[in-house]
Amino acid sequence: MLVPHVVADLPLGINPWLLGAQLLNFGILYFILAKFAFPALYKTLDQRAATIRQGVENSERAKTELAKAQQQADGIIQAAQQRSQQIIADAGTAGERVRAQIEAEAKARAAEIAEQNRRRMAQEEAQAQNALRQQTADLAIQAASVVVGRSLDNSDQRRLVEQFLTEVR
Amino acid sequence: MFWPISHLLPSLTGGATHILADAGGPLWLLPGIDVGPTTLFTIGPFPVTNTLINSWLSMIIVLVLFLGATRKMAIVPKGLQNFVEWGAGLLIDFCEEVAGKPWGRRFFPFVATIFFYLLFANWTEIIPGVDSLGTPMPGTHPVAGIFLLGNDSNKFYPWVRPASSDLNFTLAIALISVVVTQIYGFRTLGFRQHVGKYLNFRDPIGFIVGILEIVAEFARIISFSFRLFGNVFAGDVLLIVLGTLLPFIGPTVFYPLELFVGFIQAFVFSALTLVFLSLAITSHEDEHASAAHTEHSEVGELASADAVH
C-alpha cells in the first residue's frame, strides 16, 4: 500500500500503464457486450420484426380471405335470393294449379251431386207418380164399383185402370 | 472514510479562494485542481487511480444494464429490457441510417460500446461521493473522525473521479476509435487502395491531400481525446466550484446541464466514430462516383425544373 499521490509521469497525467489499462478495459467491455449482450439483443429484435412482419402478412391475408369470403357470401345470398324467388314463383304456380284442380274437382263433385240429386228426385218423382197412380186406381175402382154396382174381377179392373191411367198420362 | 465538509457535493477545486468562518479562519477551502488522476495504491508497477476505479464502475453499470436486460429476453419487452432496447434501438437506427443497413449492423456493437461506456463514465460525475470522498493527506486532523474542515478541507485524495476527466481514458478510447477505423479500412478496401488514400503519387494535389489525410488522422486522436476530456473536466470543476461557493443549491442547478453535456459528448464521440468508419470503407473512387452522381442528380433536377418552367 502506498500513500496516494497525483500521477505526473507525463504531461497532463498521461501514464503508459493507465493508458494500457484503459485500452484493456474497453477491450474487455467490448468483448463481453459483443459476445453476450448484443447478439441476444439483435436476435430478439429480429424475432420481433419477423413476428410483426408475419402478423402484418397474416392480417393482409386474413383481409383478402375475408373479402373473398364476403364475396362468396354475397354470391350465396344472391343465389339464395334467386332460389327463394324461384320457389315463391313455383309455389304460386303450383298453388294456382292446385287451386284450379281443386276447383275443377269441386265443380265436378258438385255436378255429380247435382246429378245424383236430380236422379234421386226423378226416381222419387216416379215413385210418387206410381204411388199416386195406384191410389188413383184404387179410388177409381172403388168409385166404379159403387157406380156399376157390381164387383169387377179384380185383376181385370186393375189392368183396365192402369191402361187408362197410362193413356191419360 | 474521510468526508471534507466542503465536498458534500462533488468538488475538486482549490486555490486561495476560501470562505471565512466566524473566527476569521476559513470554514472550507476550494480544493486544488489536478489535471492528472490520483494514484490510490499500486499493484506492482501498476498504479490504481481514482479515474481507473470510476472506469471500472462505469463498466460494471454498462454490463449490469445490458447483461441484465438481455439475460431473459421476451418478445414483448418490459422493465429493464424495454429501457435498454429503447436506447439500443435508437442507436441501431442511427447506425443504419448513417452507414446503411449491413454496415450499420456491423458497426453497432463497437459504436454502442463507446457510446454507453462514455455516457455512464460522464454521468458518474454527478453521483454524490465522487470527488468528495477520499483519503486525507498526511498531517491533517479530521473532525469527528471523518470531516475535514478549515485549512485541512482540501487536503485529501478523492477515491473516485470521473473517468472522462482523465486523459488516459479519453486518449485510450480515441486511439481505439482511430485504430479500429483503420482496420476496417484495410479489411474492406485492401492494403493498396486504403494506403492509396494517404500516399497518392499520381498528381501533386492528390499527394498533398494524402498528406493532409495523414495529419487529419493524428489530429482526430487529439480532437477526440481533448474534446471529451475538456468538456467533462470543465463540467467537473464547475460543479466543484459551485459546490464550494454555494453548497447544495449551486451544483443542483447545473446537474441537468452536466447530464446533457455528458450525453452530447458521448453521442458526438460515437457519432464521429461511426462517420469515420463509414468513410473508411469507402474508396476515393466511390467518393468521386458518389459526388458525380450527386452532381448528375442536381443537374438532372435543374434540367427538370427548367423544363417545367
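As a reminder, the structure under discussion sits directly above these lines.
The model shown is predicted, which means the values in this text are computed figures rather than measured ones. (Residues numbered from 1 in each chain as written. Chains lettered and ligands numbered in written order. Predicted model: local features only at pLDDT ≥ 70, side-chain atom pairs only at ≥ 80, totals over all residues. Heavy atoms only, no water.)

### With respect to the overall build of chain B
Threshold: Counting from the N terminus, the helices are DSSP H or I runs at least four residues long and the strands are E runs at least two residues long. The classification of residues rests on relative accessible area computed with a 1.4 Å probe and restricted to protein chains. Under 20% of the type maximum is buried, over 50% is exposed, and intermediate values are partly exposed. For this analysis, residues touch if any pair of their heavy atoms sits within 4.5 Å. The accessible surface values rely on the Shrake-Rupley method and a 1.4 Å probe; as for residues, cover is taken only from the protein chains in view.
Assigned secondary structure in chain B consists of 8 helices and 8 strands. Considering chain B as a whole, with its 309 residues, one finds that 48% of them fall into the buried category. In chain B, the share of contacts with a sequence separation of at least 24, taken over all contacts with a separation of at least 6, comes to 69%. Of the roughly 14,700 Å² of accessible surface on chain B, 71% is carried by carbon and sulfur atoms.

### Notes on the overall build of chain A
The number of helices and strands found in chain A is 2 helices and 1 strand. When the helices and strands of chain A are placed in sequence order, the string is β-α-α. Residue burial in chain A is summarised as follows: out of 169 residues, 16% are buried.

### Observations regarding the interface of chain B and chain A
This is how the line gets drawn: When two parts are brought into contact, each loses some accessible area as probed by a 1.4 Å sphere; the total of that loss over both is the buried area. Salt bridges are counted wherever a side-chain nitrogen of Lys or Arg sits within 4 Å of a carboxyl oxygen of Asp or Glu. Contacts described as polar in this section are N or O atom pairs within 3.5 Å, which, within protein, must combine one atom able to donate a hydrogen with one able to accept it, while residues neighboring in sequence count only if both atoms come from side chains. Residues were grouped as follows: Ala, Val, Leu, Ile, Met, Phe, Trp, Tyr, Cys and Pro as nonpolar; Asp, Glu, Lys and Arg as charged; and all remaining residues, including Gly, as polar.
Facing the 53 residues of chain B at the interface are 36 residues of chain A. Across the chain B to chain A interface the summed buried area is about 4,200 Å²; carbon plus sulfur atoms make up 76%. It is Ile-75, Thr-113 and Asn-168 of chain B that lose the most area in chain B upon contact with chain A, and together they represent 15% of the buried surface on that side. Linking chain B to chain A there are 2 salt bridges. Counting across the interface, chain B meets chain A through 9 residue pairs in polar contact (both at pLDDT 80 or more). Among the elements that make up the side of chain B that touches chain A, the one with the highest residue count is helix H1 (residues 50-70) of chain B (10 residues). Of the residues that constitute the side of chain B that touches chain A, the class distribution is 36 nonpolar, 13 polar and 4 charged.

### Brief notes about the nonpolar core
Within soluble globular proteins, side chains that are nonpolar tend to cluster in buried spots. The test is simple: Definition of nonpolar core: a set of buried residues of the types Ala, Val, Leu, Ile, Met, Phe, Trp, Tyr and Cys, connected through side-chain atoms within 4.5 Å.
Ranked by size, the top nonpolar core spans 59 residues in total, and within it Phe-66, Phe-108 and Phe-116 of chain B carry the most contacts. Mapped by element, the contributors of at least two residues to this core are helix H1 (16-148) of chain A together with H1, helix H2 (79-99), helix H3 (101-123), helix H4 (167-189), helix H6 (204-245) and helix H7 (249-280) of chain B. Broken down by element, the residue count for this core peaks at 13 residues, all from H3 of chain B. Not counting chain neighbours up to four residues away, the residues in contact with Phe-108 of chain B comprise Phe-38, Leu-41 and Tyr-42 of chain A together with Ala-88, Leu-91, Ile-92, Cys-95 and Thr-113 of chain B. Counting 5 residues, the second largest nonpolar core, distinct from the first, contains Leu-18 and Ala-21 of chain A together with Phe-46 and Val-48 of chain B.

### Remarks on unusual backbone geometry
Residues and elements named next belong to chain B. Residues other than glycine seldom take positive phi values, yet Asp-131 does so here, at roughly 75 degrees. Relative to the helices and strands, Asp-131 is located in the loop between H3 and strand E6 (134-136). Of note, Ala-144 is a non-glycine position whose phi angle comes to about 55 degrees, a positive value. Here Ala-144 lies in the loop between E6 and strand E7 (147-148).

### Quick notes on a nonpolar patch on the surface
Residue and element names in this part refer to chain B. For the record, the criterion: For patch detection, residues must exceed 30% relative accessible area and be free of salt bridges, and they are connected within 9 Å for like charges or within 5 Å for nonpolar side chains (Val, Leu, Ile, Met, Phe, Trp, Tyr).
A cluster of nonpolar side chains, contributed by Leu-199, Phe-201, Phe-207, Ile-208, Ile-211, Leu-212 and Val-215, occupies part of the molecular surface with about 680 Å² of accessible area. Structurally, the position occupied by Phe-201 is in the loop between helix H5 (191-196) and H6. Phe-201 sits in the exposed class, given a relative accessible area of 65%.

### Observations concerning the packing of H4 of chain B against H7 of chain B
All names here are of chain B. Condition: Axes, fitted as lines to C-alpha atoms, cover a helix only where it is in contact. Angles between the N-to-C directions of the axes lie from 0 to 180 degrees. Just so you know how the angles are binned, under 35 degrees is roughly parallel, over 145 roughly antiparallel, 65 to 115 roughly perpendicular, and the rest oblique. Crossing chirality is assigned from the near helix's rotation relative to the far helix, an anticlockwise turn below a right angle marking it left-handed and a clockwise turn marking it right-handed.
Remark: H4 packs on H7, axes separated minimally by 8 Å, with the N-to-C direction vectors making an angle of 20 degrees. One finds that H4 runs roughly parallel with respect to H7. In the crossing of H4 with H7, the sense of the turn from one axis to the other is right-handed. Facing Ile-173, Ala-174, Ser-177, Val-180, Thr-181, Tyr-184, Gly-185 and Leu-189 of H4, the residues of H7 in contact are Phe-269, Thr-273, Phe-276, Leu-277 and Ala-280.

### Here we look at H4 of chain B
Residues and elements named next belong to chain B. As a reminder of what qualifies: Residue count minus one, scaled by 1.5 Å, sets the expected span of a helix.
For H4, built from 23 residues, the straight-helix expectation of 33 Å at 1.5 Å per residue is met to within 8% by its first-to-last C-alpha distance of 32 Å. The buried count for H4 comes to 17 of 23 residues, which makes it a mostly enclosed element. Taking the backbone nitrogen of Asn-168 as reference, a side-chain oxygen 3.0 Å away marks Asp-166 as the first, capping residue of H4. Just past H4, the residue Gly-190 takes up positive phi, approximately 90 degrees.

### Some words on the side chain of Asn-168 of chain B
Mapping Asn-168 of chain B onto the fold places it in helix H4. Accessibility expressed as a relative area gives 0% for Asn-168 of chain B, which makes it buried. A polar side-chain atom of Asn-168 of chain B sits 2.8 Å from the main-chain carbonyl oxygen of Gly-13 of chain A. Setting aside chain neighbours within four positions, we find Asn-168 of chain B in contact with Gly-13, Ile-14, Asn-15, Leu-18, Leu-19 and Gln-22 of chain A together with Pro-37 of chain B.

### Some details on the packing of H2 of chain B against H7 of chain B
All names here are of chain B. One can describe the packing of H2 onto H7 by two numbers: an axis separation of 10 Å at closest approach and a directional angle of 35 degrees. The way H2 lies across H7 gives a crossing that is right-handed. Touching Phe-94, Cys-95, Val-98 and Ala-99 of H2 are Phe-267, Ala-271, Leu-274, Val-275 and Ser-278, all from H7. Looking at side-chain class alone, the contact of H2 with H7 contains 8 nonpolar, 1 polar and no charged residues.

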